[in-house]
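These are the residues of each chain, in order.
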Amino acid sequence: MKTEPYYLKAPKDGRDMTAKIEACLHRHGACRLGTGNFVTRGIRMPEGTSLFGAGTATKLILSPEVADGAAVRLSSYCTVKDMTLLGGLEEAPETLGTRHGILFEGTAVDDQYDRASQPHNNTVSECFI
């Protein structure tokens, strides 16, 4: 059993884990997720935080109640590692749509933008998206 204060277990009932994950990131700067499904309304990772899973057995899933968005939204200097990030549970959507596993916040902008305000230096590794 994991004893780190930043370790969260997947709920058996499929309830939304957004608030718990974000609170853990704010409090500890990191959050380690156990195996299982974590339904979210879109985790907003604060700058310089890390989110870790237990390989593809950890699934972060955008809630079906959310019309559009991403399971995880990265700021700057964030790390996401060892998990599956899903914009939904459908096998192969017909169109990309507006539901995603991950979004690098600030990168989806109009043609006029300030590059200095763009997020940078994020690391995403060992993830299935």
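Residues numbered from 1 in each chain as written. Predicted model: local features only at pLDDT ≥ 70, side-chain atom pairs only at ≥ 80, totals over all residues. Heavy atoms only, no water.

## Let's talk about unusual backbone geometry
Piece 1. Even without being glycine, Tyr-77 reaches a positive phi, approximately 60°.
Piece 2. For Tyr-77, the location among the structural elements is in the loop between strand E7 (69-74) and strand E8 (79-86).
Piece 3. Looking at Tyr-77, the relative accessible area reads 39%, which means it is partly exposed. (Helix = DSSP H or I, 4+ residues; strand = E, 2+ residues; numbered from the N terminus. Buried < 20%, exposed > 50% of the residue type's maximum accessible area, 1.4 Å probe, protein only.)

## Quick notes on a nonpolar patch on the surface
Piece 1. Together, Phe-104, Val-124 and Ile-129 line one region of the surface with nonpolar side chains, adding up to about 240 Å² of accessible area.
Piece 2. By the secondary structure assignment, Val-124 is in strand E10 (residues 123-128). (Patch = residues over 30% accessible without salt bridge, like charges linked within 9 Å, V, L, I, M, F, W, Y side chains within 5 Å. Areas by Shrake-Rupley, 256 points an atom, 1.4 Å probe, with all protein chains shown as cover. Salt bridge = Lys/Arg side-chain N within 4 Å of Asp/Glu carboxyl O.)

## Brief notes about the sheet that holds E7
Piece 1. Pairing is parallel across the open sheet formed by three strands, whose spatial order is E4-E7-E9. The open sheet terminates on both sides in strands that have one partner only, identified here as strand E4 (43-44) and strand E9 (99-104).
Piece 2. Pairing geometry for E7 and E9, over five bridges, is parallel. Paired with Gly-69 across the bridge in E9 is Arg-99. (Pairing = 2+ DSSP bridges.)

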